[in-house]
Amino acid sequence: MATTRTFKVWRGDAKGGEFQRFEIEVDEGMVVLDVLHRIQARQANDLALRWNCKAGKCGSCSMEINGKPRLACMTRMNSLPEGETITVQPLKTFPVMKDLVTDVSWNYEQNRRIPKFQPKPRDSDGAYRMYQEDVDRVQEFRKCIECYLCQDVCHVLRDRDGREQNSFVGPRFMIRLASLEMHPLDTADRIPAVRDEFGSGMCNITKCCTEVCPEHIHITDNGIIPLKERVVDRFYDPIAMLMRKIFG
Amino acid sequence: MAPHPSAVGGHVEGFGATERKDGWWVEPAVTAVVFLTFVVYTTWAALQGVHYHWGPYLSPFYSPLLFAAPGDEAGLHHAWFGAWPTWWPSFLPASPAVLILAFPGSFRFTCYYYRKAYYRSFAGSPPGCAVGPLAGNRPYRGETFLLLFQNLHRYAMYFAVLFVFILSYDAIVSYWWDGRIGVGVGSIILTLNAVLIGAYTFGCHSFRHMIGGGTDCMSCGKATLKYGAWKKATWFNERHMEFAWLSLVWVMVTDLYVRLLSAGVITDLNTWSR
């Protein structure tokens, strides 16, 4: 059964803007992205928003819905309390281009900073071999859809201009670093860079990135903390340092 | 000056500022209350120096009991090194708990789960996800400057593992009284305490790293103990928060139970018929 819901959508560009209210009919089974498309079709033809797959697999429709970074295509209307005005905003951490569209190119710059995968030599028969249990950990990280919700909610980037300073690469790229560092075939050593260039010490484990991840990747527990532990091995544990000196 | 709410993106600024409509503040508030209760109770109990044992039971706040408290003759059978040392400076509190509590205390304080809890509850950094932080305009250094000591969690973990064995020993001893095997409510409470602290300790991120997480090649195609141990530690690690809370509350309950027995306030139901 259709109901009428109130939406408060931020409209504007890099210079500024304001919230605009919409009363809109919502049908059963709709997600927020459906409603935004209906607003676009019926009331605000020039509303800018980014979307692509509509299935939670491309990560394009990232925005903040009722203050939480979420994918609009995966936020069902019946999960938002009836009678409540629904606030829709662009991601806070990245510069607004227009309405709900932000410029996330900073993330691609971070990705370029990361040293590439450097595989071991092939086996004598010319094959690369990995065993399932050896790649289980890094497979989790491959689920990332690059929605950048984790980057948006990370308070180091969000609240203190960490993005401008490049002092912390952000959770998404800590996960990329972890996926390379834990890869059984990779030979590159990125641990000094994890601490010094990518800022593993900046993360204070508030786990917001894990909370908002639509792919349910355990970003903090399985990615960032294991990287911090590898940094501890290298720089803060004299016993481990001594063992390395003795045994190589 | 705070930016106008209709500034770019419509995001409001300042401590606690958010468009979230759920009860985001409940979790940090409950955390703060439980933590403060724990800290106040532990400090009080640790400074008492009395009522920390009863029969075969020993409070976990006083275990390992290196020296019995001054004048506590009955406590000598629990003490590893006998009576309270005469060289102990008079200006320091003469309580056995002050000798050992720094070890489990530092393990909990530097724990990755607890960091999340207290950064949110006490430092407001941030108080909730997508909620304005307490010190939004100050330079931010995370765990690189004053908080660099958090990297010592590895060492705290080594001691914490040792404490699991000590508390397990206390639990086993609690089934033994004057040469007779028996069970009391206190034995069960002490056993649960050892189990919960073990579950919390063996789910520690540092522990998981040390037993195999630090390597890239878990098995290299061979069935290894390392991989099996890592998988088990991962099971506990996925429940680290739950065990952190349960063990925190239960260690208080255990001390309180022994304390009330020792003070004669309650009676222990047991098979020794005492």
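Before any of the text, the structure's been laid out above.
Keep in mind the model is a prediction, meaning the values are calculated, not measured.

Basis of the calculations
Residues numbered from 1 in each chain as written. Chains lettered and ligands numbered in written order. Predicted model: local features only at pLDDT ≥ 70, side-chain atom pairs only at ≥ 80, totals over all residues. Heavy atoms only, no water. Disulfide = S-S within 2.5 Å. Helix = DSSP H or I, 4+ residues; strand = E, 2+ residues; numbered from the N terminus. Buried < 20%, exposed > 50% of the residue type's maximum accessible area, 1.4 Å probe, protein only. Polar contact = N/O pair within 3.5 Å; in protein donor to acceptor, adjacent residues only side chain to side chain. Salt bridge = Lys/Arg side-chain N within 4 Å of Asp/Glu carboxyl O. Contact = heavy atoms within 4.5 Å. Phe/Tyr/Trp six-rings, centres within 6.5 Å; stacked < 30°, edge-to-face > 60°. Lys NZ or Arg CZ within 6 Å of the ring centre and 35° of its normal.

Caption draft 1: Summary view of the state of the cysteines. This model, assessed by the stated rule, comprises one disulfide over all chains. The disulfide bridge from cysteine 208 of chain A ends at cysteine 129 of chain B, spanning 2.1 Å between sulfur atoms. Judged by the sign of its S-S torsion, about -90 degrees, the bond between cysteine 208 of chain A and cysteine 129 of chain B is left-handed. Of this pair, cysteine 208 of chain A sits in helix H9 (residues 208-212) while cysteine 129 of chain B sits in the loop between helix H3 (112-121) and helix H4 (153-173), on two different chains. Accessibility assignment for this pair places cysteine 208 of chain A and cysteine 129 of chain B in one class, buried. Cysteine 111 of chain B takes part in no disulfide bond, and the closest cysteine sulfur, belonging to cysteine 204 of chain B, lies 6.6 Å away. The class of cysteine 111 of chain B is buried, set by a relative accessible area of 1%. Judged by relative accessible area, which is 0%, cysteine 204 of chain B ranks as buried.

Caption draft 2: Structural context of the side chain of serine 247 of chain B. Residues and elements named next belong to chain B. Relative to the helices and strands, serine 247 resides in helix H8 (residues 240-262). On the accessibility criterion, serine 247 (0% relative accessible area) is buried. In this structure the side chain of serine 247 is engaged in a polar contact, spanning 3.0 Å, whose partner is the side chain of arginine 108.

Caption draft 3: Structural detail: the pattern of salt bridges. Residues and elements named next belong to chain A. Scanning all chains against the criterion turns up 31 salt bridges over all chains. The shortest N-O distance in the salt bridge between aspartate 46 and arginine 11 comes to 2.9 Å. Of this pair, aspartate 46 sits in the loop between helix H1 (32-42) and strand S3 (62-65) while arginine 11 sits in strand S1 (residues 3-13), and the two are 35 residues apart along the sequence. Here lysine 54 and aspartate 34 are joined by a salt bridge, their closest N and O atoms 2.8 Å apart. Of this pair, lysine 54 sits in the loop between H1 and S3 while aspartate 34 sits in helix H1; the two residues are 20 residues apart in sequence, bridging distant segments of the chain. Bridged by salt links that share partners, the residues Arg11, Asp46, Lys98 and Asp99 form one connected network.

Caption draft 4: Here's a closer look at the interface of chain B and chain A. Between chain B and chain A, the contact holds 52 residues from the first and 60 residues from the second. Put simply, chain B and chain A have nine salt bridges between them. Lysine 68 of chain A is the partner of aspartate 22 of chain B in a salt bridge, and the nearest nitrogen-oxygen pair spans 3.2 Å. In this assembly, chain B and chain A are joined by 32 residue pairs in polar contact (both at pLDDT 80 or more).

Caption draft 5: Quick look at the packing of aromatic side chains. Scanning the entire structure with this criterion turns up 30 aromatic pairs over all chains. Consider the rings of phenylalanine 109 of chain B and tyrosine 118 of chain B, whose centres lie 4.9 Å apart with planes at 15 degrees: the pair is stacked. Look at phenylalanine 109 of chain B and you get partly exposed, because its relative accessible area is 41%. Using a relative accessible area of 10% as the deciding quantity, one classes tyrosine 118 of chain B as buried. When the ring centre of phenylalanine 235 of chain A is taken as reference, the NZ or CZ atom of arginine 195 of chain A above it lies at 3.9 Å. When the ring centre of tryptophan 235 of chain B is taken as reference, the NZ or CZ atom of arginine 239 of chain B above it lies at 3.9 Å.

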